[in-house]
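Understanding the architecture of this molecule
Each chain, letter by letter, is given below.
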Number of protein chains: 2
Amino acid sequence: MSERQPNLRERRRSETRRLVQAHAVRLFSEHGYDAVTVADVAGAAGVSSMTVYRHFPTKEDLVLIDQPAQLIAEHVAASSATQPLVRRIGSALIDAATASTGGNGDEQAANERFLLDCLRLMVSTPALRARHLDSQYALQQAIVEALGKDATDPDAAFRAQAATSACLAAMHTALTRWVEDDGRTGLPDLIARALAASFGDDAVATHRKD
Amino acid sequence: MSERQPNLRERRRSETRRLVQAHAVRLFSEHGYDAVTVADVAGAAGVSSMTVYRHFPTKEDLVLIDQPAQLIAEHVAASSATQPLVRRIGSALIDAATASTGGNGDEQAANERFLLDCLRLMVSTPALRARHLDSQYALQQAIVEALGKDATDPDAAFRAQAATSACLAAMHTALTRWVEDDGRTGLPDLIARALAASFGDDAVATHRKD
DNA sequence: TAACATGATGGTAGTGTCTAACACATGAGT
DNA sequence: ACTCATGTGTTAGACACTACCATCATGTTA
């Protein structure tokens with residue numbers, strides 16, 4: 001409730017965007033992603049197809065959620081460089097998940113339900129799953145850059161890429177499991193367990209705020 | 001040179017398939033994936049667009065290469081269940097890569113060049129990269145099944161999923177690096193280094209033929 | 001050899017995603 | 001009020017992909 005100076009125009013724009021996306025996710029969840037056309041979504045939201053494309057570049061973007069790459073990258077950059085790579089990255093992922101799913105307000109609960117609906121579609125629809133995996137690819141680049149291993153020598157950069165991709169894959173497994181559990185299990189805990197299963201318990205066990 | 005009983009019809013069919021795919025990869029590499037239409041590919045190969053779609057369900061499938069899921073799964077299933085998960089999977093991935101890129105005949109070299117062209121397109125084109133990542137998702141399911149951890153308890157299955165996805169992500173990093181090096185570095189060695197960077201040197205160090 | 005069955009190919013029409021260009025209306029700043 | 005910017009609608013179009021039918025070569029059987 002701090003940085004609020006929205007124009008009436010900007011408010012309307014973001015409101016139609018929210019409206020279109022909400023109808024899209026609802027229709028996709030009810031009838032399946034492929035069975036619903038963009039024109040259907042536009043009609044349900046009371047706008048034209050063009051307006052949908054103005055807000056979302058492709059039909060897939062109606063469902064895809066941007067991961068908090070900025071947040072994760074900052075956590076990685078702030079971590080101690082003396083720790084093993086997978087530990088630095090894993091801690092950042094767990095912290096980001098804790099921050100994202102932590103709050104327990106009414107609006108927060110609605111946001112989490114919406115996020116679960118989107119993720120459910122992403123996991124079950126091949127086209128969305130593919131795009132989602134590729135977006136993790138972009139997140140990977142952000143993390144590697146935050147690790148600061150690029151300029152030195154190419155071999156260190158390669159190791160950073162490998163470790164980062166492996167950590168993100170483990171997180172994706174946790175995300176999938178989170179969706180299957182319908183959000184009942186805590187996401188940070190699932191991520192920690194996925195990381196432990198991949199890299200060993202000692203790579204993530206002593207995770208405390210310091 | 002053993003299981004050869006191809007009909008004249010089957011030979012022609014596979015020949016046109018090969019021809020179409022070769023022209024497609026060539027045109028995509030020259031002008032970019034998005035700048036070349038399926039009709040262009042069909043014209044270059046001397047067939048109609050319909051024929052292209054009969055051999056390749058989508059435009060993306062003109063470039064996507066099936067990973068030897070069967071081969072990898074068999075390696076995993078044959079590995080000793082007493083070893084750590086990432087070691088079982090990692091060894092299978094390295095062995096499969098060794099088998100795939102090993103031969104040194106004239107035809108083998110041509111195949112490897114073609115594979116490199118396809119992978120180069122897959123890495124650089126977002127749509128192809130996304131599909132390729134999703135195909136690894138299918139490979140993941142095959143490996144998890146080969147691990148035989150599904151029926152027992154869901155927690156073991158979750159750990160198997162996490163470890164497998166992390167190993168495959170490391171392999172994908174190695175594949176990317178292999179393409180960037182234009183195939184000069186041995187793929188099995190790159191995979192071993194990616195696995196070591198992710199899971200520690202001891203997880204892959206003592207890899208010898210036994 | 002002749003007739004039939006099978007399967008590969010081409011053509012046409014159509015749907016759906018997405019883009020480009022132009023026109024219209026409404027809120028913002030002077 | 002006047003202008004300007006911007007969100008929106010309409011239309012036309014390219015392209016990926018599908019459904020359906022016609023055609024023709026190949027493999028099989030009589």
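Residues numbered from 1 in each chain as written. Chains lettered and ligands numbered in written order. Predicted model: local features only at pLDDT ≥ 70, side-chain atom pairs only at ≥ 80, totals over all residues. Heavy atoms only, no water.

Before going further, it helps to examine the overall build of chain A. Secondary structure summary: chain A contains nine helices and zero strands in total. Along the chain direction, N to C, the helices and strands of chain A fall in the order α-α-α-α-α-α-α-α-α. Counting only C-alpha atoms, chain A reaches 55 × 35 × 35 Å along its principal axes. Within chain A, buried positions represent 44% of all 210 residues. When contacts within chain A are restricted to residue pairs at least 6 apart in sequence, those whose partners lie at least 24 apart make up 67%. Entry remark: accessible area of chain A is about 11,100 Å², with carbon and sulfur atoms responsible for 50%. Distance between charge centres in chain A, computed from 23 positive and 27 negative side chains, equals 4 Å. (Helix = DSSP H or I, 4+ residues; strand = E, 2+ residues; numbered from the N terminus. Buried < 20%, exposed > 50% of the residue type's maximum accessible area, 1.4 Å probe, protein only. Contact = heavy atoms within 4.5 Å. Areas by Shrake-Rupley, 256 points an atom, 1.4 Å probe, with all protein chains shown as cover. Lys, Arg positive; Asp, Glu negative; His and termini not counted. Charge placed at Lys NZ, Arg CZ, Asp CG, Glu CD.)

Before going further, it helps to examine the UniProt feature "domain: HTH tetR-type" (unreviewed entry) in chain A. The UniProt record annotates "domain: HTH tetR-type" (unreviewed entry) at residues 14-74 of chain A. Note that residues 14-74 of chain A is 64% helix and 0% strand, and that its end C-alpha atoms are spaced 27 Å apart. (UniProt positions renumbered as here; feature names shortened; annotations may be inferred.)

What follows concerns the relation of the copies chain A and chain B. Between the two copies, chain A and chain B, the superposition gives an RMSD of 0.1 Å; the rotation angle is 180 degrees and the shift along the axis is 0.0 Å. In the structure described here, the two chain copies are related by an operation that fits a two-fold rotation axis. Ranked by how close their C-alpha atoms come to the rotation axis, the residues of chain A are headed by A:Ala166, at 2.0 Å. Interface residue correspondence from chain A to chain B reaches 100%, placing this contact among same-surface, isologous pairings. (Least-squares fit on C-alpha atoms with pLDDT ≥ 70 in both.)

Below, the discussion takes up the pattern of salt bridges. If you walk through the whole model with that rule in mind, you get 22 salt bridges over all chains. Note that B:Arg193 is salt-bridged to A:Asp155, the shortest N-O span being 2.5 Å. With B:Arg193 in helix H9 (residues 187-199) and A:Asp155 in helix H8 (residues 154-180), this residue pair bridges two chains. The class for A:Asp155 is partly exposed, based on a relative accessible area of 25%. Three or more residues joined by partner-sharing salt bridges are found here, namely A:Asp155, A:Arg159, B:Asp189 and B:Arg193. (Salt bridge = Lys/Arg side-chain N within 4 Å of Asp/Glu carboxyl O.)

All names here are of chain A. Positive phi is not limited to glycine here, since Asp-182 has a value of about 60 degrees. Its location among the elements puts Asp-182 in the loop between H8 and helix H9 (187-199). In this structure Asp-182 comes out as partly exposed when scored by relative accessible area, which is 36%.

What follows concerns the protein's contact with DNA strand D. With respect to spatial proximity, 21 residues lie near DNA strand D, and among them A:Ser48, A:Thr51, A:Arg54, B:Arg9 and B:Lys59 are the closest. If you look at DNA strand D and keep only atoms within 4 Å of the protein, 61% of those are sugar or phosphate atoms. At 2.8 Å, a side-chain N or O of A:Arg54 approaches a base oxygen of DNA strand D. Contact distances for DNA strand D include 3.3 Å between a phosphate oxygen and a backbone N or O atom of B:Val38. Those elements that place two or more of their residues in the surface near DNA strand D are helix H1 (8-31) and helix H3 (49-55) of chain A together with helix H1 (8-31) and helix H3 (49-55) of chain B. At four residues, H3(A) tops the list of elements feeding residues into the surface near DNA strand D. Partitioned by chemical class, the residues of the surface near DNA strand D number eight nonpolar, seven polar and six charged. (Near = heavy atom within 4 Å. Polar contact = N/O pair within 3.5 Å; in protein donor to acceptor, adjacent residues only side chain to side chain. Nonpolar A, V, L, I, M, F, W, Y, C, P; charged D, E, K, R; others polar.)

Residues and elements named next belong to chain A. Contact pair helix H6 (residues 106-124) / helix H7 (residues 126-147): the axes reach a minimum separation of 5 Å and the direction vectors enclose 105 degrees. Considering the angle they form, H6 stands roughly perpendicular to H7. Taking contact as the criterion, the partners of Leu-121, Met-122, Val-123 and Ser-124 in H6 are, on H7, Pro-126, Leu-128, Arg-129 and His-132. Classifying every residue of the contact of H6 with H7 by side-chain character gives five nonpolar, two polar and one charged. (Axes fitted to C-alpha atoms, helices over the stretch in contact; angles between N-to-C directions. Parallel < 35°, antiparallel > 145°, perpendicular 65-115°, else oblique.)

Attention now goes to the environment of A:Tyr33. Residues and elements named next belong to chain A. Structurally, Tyr-33 can be placed in the loop between H1 and helix H2 (38-45). A residue is classified by how much of its surface remains accessible, and Tyr-33, at 7% relative accessible area, is buried. For the pair Tyr-33 and Pro-68, spaced 35 residues apart in sequence, the C-alpha separation works out to 25 Å. Reaching out from Tyr-33, the side chain makes a polar contact with the backbone nitrogen of Glu-60 at a distance of 3.2 Å.

With that settled, the discussion passes to the interface of chain A and chain B. The interface is formed by 31 residues belonging to chain A together with 31 residues belonging to chain B. With both chains or domains summed, chain A and chain B bury close to 2,400 Å², and 63% of this area falls on carbon and sulfur atoms. Where chain A packs against chain B, one counts four salt bridges. Note that B:Asp134 and A:Arg129 form a salt bridge whose closest N and O atoms lie 2.5 Å from each other. Our count for the contact surface shared by chain A and chain B stands at ten residue pairs in polar contact (both at pLDDT 80 or more). The element best represented in the side of chain A that touches chain B is H8(A), accounting for 16 residues. Looking at the side of chain A that touches chain B, its residues break down into 17 nonpolar, seven polar and seven charged. (Buried area = accessible area lost by both parts, 1.4 Å probe.)

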